[in-house]
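# Residue-level structure breakdown
Spelled out, the chains give:
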Amino acid sequence: MPSDILVSADPIDAAALLSTLTGHSPDDGAVASFVGQVRAEGDLIALELEHYPGVTEAALRELCEQAIARWSLSQAVIHHRVGRMGIGETIVVVAASAPHRRAALDAVSFLIDRLKTDAPFWKRVHTEQGQYWVEARDSDTAASQYWRDQIAQEDA
Amino acid sequence: MQIRIRYMASLRDRLGEGETAHDLPADVTDSEALIAHLTRRDAAAAALAAPEIRLIVNDRIVTRPSALEHGDRLAFCPPFTGG
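Residues numbered from 1 in each chain as written. Chains lettered and ligands numbered in written order. Predicted model: local features only at pLDDT ≥ 70, side-chain atom pairs only at ≥ 80, totals over all residues.

### Here we look at the overall build of chain B
A tally of regular secondary structure across chain B gives two helices and five strands. Seen in sequence order, chain B has helices and strands lined up from the N terminus as β-α-β-α-β-β-β. Against the 2.2 N^0.38 benchmark of 12 Å for 83 residues, chain B shows a C-alpha radius of gyration of 12 Å, consistent with a compact globule. Taken along the three principal axes of its C-alpha coordinates, chain B extends 40 × 25 × 25 Å. Across the 83 residues of chain B, 27% fall into the buried class. Partitioning the intrachain contacts of chain B with sequence separation of at least 6 by distance along the chain shows that 49% fall at a separation of at least 24. (Helix = DSSP H or I, 4+ residues; strand = E, 2+ residues; numbered from the N terminus. Rg over C-alpha atoms; globule rule 2.2 N^0.38 Å. Buried ≥ 20, exposed ≤ 12 C-beta atoms within 10 Å, placed from the backbone. Contact = placed C-beta atoms within 7 Å.)

Shown next, in the form of structure tokens:
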């Protein structure tokens, strides 16, 4: 299963998920991963993630397929949680398995950076006083654009 | 031409919940003309004209401007903030 995509309201067990990548492919010398979790920030008591069923999964699959082709990965994984979650809970796990570390590390950076701007998810912060939608960050747009430029340069 | 529209996340709070049907005048043939049409009926819809607002048509993310066809299902989306 080269692409493993899941969007679900169930809690993510990051350690269990990563154990599905390690030790399974004799050709792979590297497994890299990123785990995003809810940060205690200001008066946040919970974070809520909304997505667009079907379209979000298709966007994640497209990113994984691009990463697999570009870095010759044997596996690319994105599991993203939706719904309401508390401080410290896992929001997303991105992982890549490859023959060498640079490919695995770059693929994970690509996947999380592009996920933030290309996959339809929206975050809402809940506080004791009420709730508000998280605004997109310019730094996230810049990180995603970095990969577009990289790929355009290398493909030129 | 009739289409259906819904608003995602913060846009839903400003412009309304649920999917609504719209009968469009003949001169409204793309997404930008649609936004102008919606803005004439509700000034708050002017927010849709911002370039960072994304559009999903029939479950596919499209670039604006996007031509409209009878029966299209549109979702206007604020910038994505996942991860």
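### A closer look at the interface of chain B and chain A
Between chain B and chain A, the contact holds 14 residues from the first and 21 residues from the second. Of all the secondary structure elements, the ones that give two or more residues to the side of chain B that touches chain A are α1 (9-15) and β5 (73-77) of chain B. In terms of residue class, the side of chain B that touches chain A is built from nine nonpolar, four polar and one charged. (Nonpolar A, V, L, I, M, F, W, Y, C, P; charged D, E, K, R; others polar.)

### Observations regarding the sheet that holds strand β4 (residues 75-81) of chain A
Residue and element names in this part refer to chain A. Spatial ordering of the open sheet is given by β1-β4-β6-β2, a layout of four strands whose pairing is mixed. Of all strands in the sheet, those with a lone pairing partner are β1 (3-8) and β2 (30-37), marking the two edges. Adjacent strand axes in the sheet meet at a mean angle of 5° when their direction is disregarded. The strands touched by helix α2 (residues 55-71) are β1, β4 and β6 (90-98); relative to β1, the strand with the most contacts, the crossing angle is about 155°. Helix α3 (residues 101-118) rests against β2, β4 and β6 of the sheet, and its axis sits at about 145° to β6. (Pairing = 2+ DSSP bridges. Axes fitted to C-alpha atoms, helices over the stretch in contact; angles between N-to-C directions.)

### What to know about the sheet that holds strand β5 (residues 83-85) of chain A
Residues and elements named next belong to chain A. Spatial strand order, β5-β3-β7-β8: four strands in an open sheet with antiparallel pairing. Sheet topology places β5 and β8 (131-133) at the edges, where each strand pairs with a single neighbour. Neighbour-to-neighbour, the strand axes of the sheet open up by a mean angle of 25°, direction not taken into account. As judged from the three bridges shared by strand β7 (residues 121-127) and β8, these two strands associate in the antiparallel manner. Residue pairing for β8: His126 is matched across the bridge by Gln131.

### So, the confidence of the model for chain B
Taken as a whole, chain B shows an average pLDDT of 97; of its residues, 100% reach a score of 70 or greater. The ipTM for the predicted assembly is 0.94, set against a pTM of 0.95. (pLDDT = per-residue confidence, 0-100.)

### Description of unusual backbone geometry
Geometrically, the link from Arg64(B) to Pro65(B) is a cis peptide bond, its omega value of -5° lying close to zero. Position of Pro65(B) relative to the elements: it lies in the loop between β4 (60-62) and β5. Positive phi, close to 50°, is recorded for Ser72(A), a residue that is not glycine. You can see Ser72(A) is positioned in the loop between α2 and β4. Judged by the 13 C-beta atoms lying within 10 Å of it, Ser72(A) falls in the partly exposed class. At Asn58(B), a position not held by glycine, the phi torsion is positive, near 50°. Residue placement: Asn58(B) occurs in the loop between β3 (54-57) and β4.

### A closer look at the packing of α2(A) against α3(A)
Residue and element names in this part refer to chain A. Their axes nearest at 10 Å, the elements α2 and α3 cross at an angle of 155°. Considered as vectors, α2 and α3 are oriented roughly antiparallel to each other. Handedness of the crossing formed by α2 with α3: right-handed. Residue-level inspection shows Ala59, Leu60, Leu63, Ala67 and Trp71 of α2 in contact with α3, the latter providing Ala103, Asp106, Ala107, Phe110, Leu111, Arg114, Leu115 and Asp118. Partitioned by chemical class, the residues of the contact of α2 with α3 number 10 nonpolar, no polar and three charged. (Parallel < 35°, antiparallel > 145°, perpendicular 65-115°, else oblique. Left-handed = near helix turned anticlockwise from the far one by under 90°.)

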